[in-house]
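Coordinate inspection notes
Next come the chains, spelled out residue by residue.
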Amino acid sequence: MRSRSQNQRRKRIVQTAAALALRGGVEAMQMRTVAERAGVALGTLYRYFPSKMDLVVAVVTEELDLLEASIGRRPPADEGAAGRTVDVLMRATRGLMREPELADALVRSLIMAEVKTELGQRITDLLWRVAFGGAEPEGAEPDREGTEYILVGSLASVWIFELLEILKGHRDVEQVQHRLTVAADRLFAGS
């Protein structure tokens, strides 16, 4: 269990890393630079985050926390599971495109196997709760082997690919919204 000062130190490190990523991408998140700017020893930084990818995952996780809080304050209004899911994915997309370096970090953390991360499952859990678990983004637990969960996970995978296409300059946000809407409507047709 971490003390309050340890939690504050960890938060300061993550915020410093996020600020660096916003200015210069994941490449700018050099461990030595993060440690210096956060006011911690390099060894302390490595105690909290054994690798750069662990730090990237922490930054992206904080962004996911903000998305979940936003959904709690303003749940999707659409009547159907497909519409609610696309609403959440598009909120995330628009937020990430305001900070494309963090979008890049999210995609990297989800597709790279260097670090064990729960981000993919956490995103799928959130989407399942929004689509099938009720109005609140917290509460019901999904059946991770169930058809609905698998469908939501498939849509999350499509979203990751579409984010990659935006980052490569092959699609814009409106095209992605259309593609996600078509996919969600087909996937959730019987739900």
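These numbers were taken from a predicted model, which means no experiment stands behind them.

**What about the nonpolar core?**
In this structure, I13, F49 and W159 are the most contacted members of the largest nonpolar core, which totals 61 residues. The dominant element in this core, judged by the number of residues it contributes, is helix α4 (residues 52-73), at 10 residues.

**So, helix α7 (residues 119-132)**
Its 14 residues place the ends of α7 20 Å apart at the C-alpha level, agreeing with the 20 Å of an ideal helix rising 1.5 Å per residue. For α7, the buried fraction is high: 10 of the 14 residues fall into the buried class. Residues of α7 that are buried: L119, I123, T124, D125, L126, L127, W128, R129, V130 and A131.

**Thoughts on the packing of α7 against helix α8 (residues 147-167)**
Two elements in contact, α7 and α8, have axes whose closest approach is 9 Å; the angle formed by their N-to-C orientations is 120°. Overall, the two elements α7 and α8 adopt an arrangement that is oblique. Like other packed secondary-structure pairs, α7 and α8 cross with a definite hand, here right-handed. The segment α7 lies against α8, with Q121, I123, T124, D125, L127, W128 and F132 engaging E148, Y149, V152, G153, A156 and W159. Across the contact of α7 with α8, the residue classes tally to 8 nonpolar, 3 polar and 2 charged.

**Considerations on the pattern of salt bridges**
Tallied over the entire structure, the rule returns 8 salt bridges. Residue E68 is joined to R122 by a salt bridge in which the shortest nitrogen-to-oxygen separation is 2.8 Å. Of this pair, E68 sits in helix α4 while R122 sits in helix α7; the two residues are 54 residues apart in sequence, bridging distant segments of the chain. Given the relative accessible area of 22%, R122 is considered partly exposed. Here D125 makes a salt bridge to R144, at a shortest N to O gap of 2.5 Å. Placement of the pair is D125 in helix α7 and R144 in the loop between α7 and α8, with a sequence separation of 19 residues. With relative accessibility at 34%, the residue R144 sits in the partly exposed group. By sharing partners, the salt bridges in this structure join D65, E68, R122 and R129 into a single network.

**So, the UniProt feature "domain: HTH tetR-type" (unreviewed entry) in the protein chain**
As annotated in UniProt, the feature "domain: HTH tetR-type" (unreviewed entry) corresponds to residues 7-67 in the numbering used here. Annotated as 80% helix and 0% strand, the span residues 7-67 places its first and last C-alpha atoms 21 Å apart.

**Focus: the packing of aromatic side chains**
Within the structure shown, the criterion is met by 2 aromatic pairs. Ring centres of Y48 and F49 lie 6.4 Å apart, and the angle between their planes is 35°; on these two criteria the pair is classed as tilted. As far as the burial class goes, Y48 and F49 line up, both buried. Considering the side-chain rings of F132 and F188, the 5.5 Å spacing of their centres and the 85° angle between planes classify their relative orientation as edge-to-face. Highlighted residues: F132 in helix α7 and F188 in the segment after α9 (173-187), separated in sequence by 56 residues.

Quick notes on the rules
Residues numbered from 1 in each chain as written. Predicted model: local features only at pLDDT ≥ 70, side-chain atom pairs only at ≥ 80, totals over all residues. Heavy atoms only, no water. Core = buried A, V, L, I, M, F, W, Y, C linked by side-chain atoms within 4.5 Å. Buried < 20%, exposed > 50% of the residue type's maximum accessible area, 1.4 Å probe, protein only. Helix = DSSP H or I, 4+ residues; strand = E, 2+ residues; numbered from the N terminus. Expected span 1.5 Å × (residues − 1). Axes fitted to C-alpha atoms, helices over the stretch in contact; angles between N-to-C directions. Parallel < 35°, antiparallel > 145°, perpendicular 65-115°, else oblique. Left-handed = near helix turned anticlockwise from the far one by under 90°. Contact = heavy atoms within 4.5 Å. Nonpolar A, V, L, I, M, F, W, Y, C, P; charged D, E, K, R; others polar. Salt bridge = Lys/Arg side-chain N within 4 Å of Asp/Glu carboxyl O. UniProt positions renumbered as here; feature names shortened; annotations may be inferred. Phe/Tyr/Trp six-rings, centres within 6.5 Å; stacked < 30°, edge-to-face > 60°.

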